[in-house]
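Understanding the architecture of this molecule
Residue-level listing of the chains:
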Amino acid sequence: MKRNFGFSIRCLIILLVLFVQVSIFAETKPVLKSIAKTTFQLGSLFKDHMVLQRDMPIPVWGKAAAGSTITVHFANYKKQTIADSNGKWSVKLSALKGSFEPKTMIISSSMDEKAIKISDVLVGEVWICSGQSNMQFSVNGAPEVKKLIPSAKNIRSFKVKNTVALEPQDTCEGTWEVNYPNSAVAFSFAYFLEKSANVPVGIILTSWGSSSIEAWMPRDMTETVPHFKVMMDEFDADIKTKNRITAILDGPKPWKKDEDIFLRRQSNVLYNAMMHPLIPYACRGLVWYQGERNAQSMNGMLKEPWFSRNSGILKYGDVLKEWIKRYRKGWGNKELNFQVVMLPGYGKVLNTDKDIDPKSPNAHSWAWMRESQLKALELPNTSVINTIDLGDVKNIHPKDKLPVGKRLSLMALKNVLNKKVKALGPTLKKVKIKKNTIVVCFNNVKKLKTTDGKAPTGFWLSDASGKWFPADAKLKGNKVVIKISEVEKPLYVRYAFTGKPNVNLVNEADLPAYPFRTDSFKP
């Protein structure tokens, strides 16, 4: 009996050992299998019909089996590297001249029999166009831009699929199209740039309506932007919001309208999914048409509604500068050009000023946001496109997008490609005070004039009291002389400093004068 009992115990022990070994094997087998089958792939932008940036080194990157040798062939160049322990690899091709001649890029791995072949590759000017709804605004919605379609050529576009992610992603969805981007601003910009630069133009469109600048900020900007740290701390603690984001992403498509809006109004998650995968694709710069979402309060961080919890108007300029610096760091290019589209005319003012005339320069209008946007000029290789003569007093999505694209192209031609073109309208040089008269002098002007041949409009004067009065102005050569009877000793002048100012002052190139103020009164 004891012998049988001992035999049974030994059998049970043997069976238990076999079970544990099988279990361990079952758990490790899929892991080993996944390592062995690391997919050989490229970054999301490396696809047929792509446009590469001319005149600068071109990063090419992707994933492959760890330790494999990667070889990239393009335009008589050959570069090799070894995939690291995580399977990541990257090479830099030498700078190339612009070319309309389609070429083929071949990328091979020593551990994969089949090479990746990318066909119909051109070399020219590449720009990222980003922002919110006015960057998304379709070509069909802008009649003047739509008229450009028959004569458009040599323009290609990559539309990044709108989505979000809780962590930075290596890939995004999209394909290169041998066609213009369906963005009135991006298309008109590309159209005029191609005509003057005479090279292929590639536009990478990554934008989403009603998104704040915080939506496009990487998490590590919490180290440089204090209010963004508060926002991200709150986001991290908000399990309900994160669970809803995950549920929407995992749920049925297309999203419902309220789901779409909920996603795009979050912080950081648009950057993770729609901008991070583009880094470090070689490009000339980034066009940024955004600010409406951040213009819903002066000081920012409203408790309600939740989607207005952002920088607000007054902090936006400093945040914008930090954002530009961080993007340049990400791309590893200190000279990466940024073109900011100034918010155009719009008549709505904030509810904080119910008793103030919305047409007054004291009103809490977009005039203050434009002043914040102009802070970007404190950094090198930046420009702010003046749209003060454009817009719609009631419509936040104006149709006059053609001048925006044209002015963007002029600025790129002058500042980036060093072409001899007039790209800037008149800017404030200095003011002279003579008794009850103020004389304003301008830069960037050979011939100061008005669009309608009448006296200049949009000027306001004030003394030390801070009370503003509309002033009569007249041209005197390349100066504007302003006088007003209501102010005995005028000290300060504001120009085009309302939500939707009535302005007509331009230079010889018909480019509008930039808004300005000479006072330091707080709003």
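Just above, that's the structure.
Now for a look at the structure at hand. (Residues numbered from 1 in each chain as written. Predicted model: local features only at pLDDT ≥ 70, side-chain atom pairs only at ≥ 80, totals over all residues. Heavy atoms only, no water.)

**Overview of the overall build of the protein**
Each helix and strand in the protein was counted, giving 11 helices and 24 strands. For the protein, the proportion of its 523 residues judged to be buried stands at 50%. Sequence-distant contacts, at least 24 apart, represent 71% of the contacts inside the protein between residues at least 6 apart. Put simply, the protein shows about 25,200 Å² of open surface, and 54% of that area lies on carbon and sulfur atoms. One way to put it: in the protein the 78 positive side-chain charges average out to a point 3 Å from where the 47 negative ones average out. (Helix = DSSP H or I, 4+ residues; strand = E, 2+ residues; numbered from the N terminus. Buried < 20%, exposed > 50% of the residue type's maximum accessible area, 1.4 Å probe, protein only. Contact = heavy atoms within 4.5 Å. Areas by Shrake-Rupley, 256 points an atom, 1.4 Å probe, with all protein chains shown as cover. Lys, Arg positive; Asp, Glu negative; His and termini not counted. Charge placed at Lys NZ, Arg CZ, Asp CG, Glu CD.)

**Observations concerning the sheet that holds strand E19 (residues 469-470)**
Read across the open sheet, the four strands follow the order E19-E18-E22-E24; overall the sheet is antiparallel. Two strands bound the open sheet, and with one partner strand each, they are E19 and strand E24 (516-517). With two bridges connecting them, strand E22 (residues 492-495) and E24 associate as antiparallel partners. Bridge pairing links tyrosine 495 to phenylalanine 516 in E24. (Pairing = 2+ DSSP bridges.)

**A look at the pattern of salt bridges**
With the rule as written, the count across this model stands at 25 salt bridges. Between aspartate 258 and arginine 244 there is a salt bridge, with the nearest N and O atoms lying 3.4 Å from each other. Of this pair, aspartate 258 sits in helix H7 (residues 257-264) while arginine 244 sits in helix H6 (residues 239-250), and the two are 14 residues apart along the sequence. The class of aspartate 258 is partly exposed, set by a relative accessible area of 44%. Here arginine 494 and aspartate 519 are joined by a salt bridge, their closest N and O atoms 2.8 Å apart. (Salt bridge = Lys/Arg side-chain N within 4 Å of Asp/Glu carboxyl O.)

**Side note on the side chain of threonine 382**
Along the chain, threonine 382 falls in strand E14 (residues 382-385). The class for threonine 382 is buried, based on a relative accessible area of 12%. Those residues within four positions of threonine 382 in sequence are excluded, and the remaining contacts are Ile324, Arg328, Phe338, Ala376 and Leu377.

**A word on a positive patch on the surface**
Together, Lys429, Lys430, Lys432, Lys434, Lys474, Lys476, Lys479 and Lys483 line one region of the surface with positive charge. At the level of elements, strand E15 (427-434), strand E20 (472-476) and strand E21 (479-483) are the ones that each hand at least two residues to the positive patch. If one sorts the elements of the positive patch by residue count, E15 sits on top with four residues. Since its relative accessible area comes to 42%, lysine 430 is described here as partly exposed. (Patch = residues over 30% accessible without salt bridge, like charges linked within 9 Å, V, L, I, M, F, W, Y side chains within 5 Å.)

**Quick look at the nonpolar core**
Within soluble globular proteins, side chains that are nonpolar generally end up buried alongside one another. Ranked by internal contacts, the top residues of the largest apolar core, which has 123 residues, are Trp89, Met105, Ile204, Trp216, Tyr281 and Trp323. Examining the composition of this core, we find that 10 residues originate from one element, helix H4 (residues 184-197), more than from any other. By size, the runner-up hydrophobic cluster in this structure holds 21 residues, among which are Ile482, Ile484, Leu505 and Ala513. (Core = buried A, V, L, I, M, F, W, Y, C linked by side-chain atoms within 4.5 Å.)

**Some points on the sheet that holds strand E1 (residues 41-42)**
In spatial order, the strands read E1-E3-E6; together these three strands make up an open sheet with antiparallel pairing. Only two strands of the sheet have a single neighbouring strand rather than two, namely E1 and strand E6 (88-93). One ladder, built from six bridges, connects strand E3 (residues 58-63) with E6; its direction is antiparallel. Following the sheet pairing, isoleucine 58 is matched in E6 by leucine 93.

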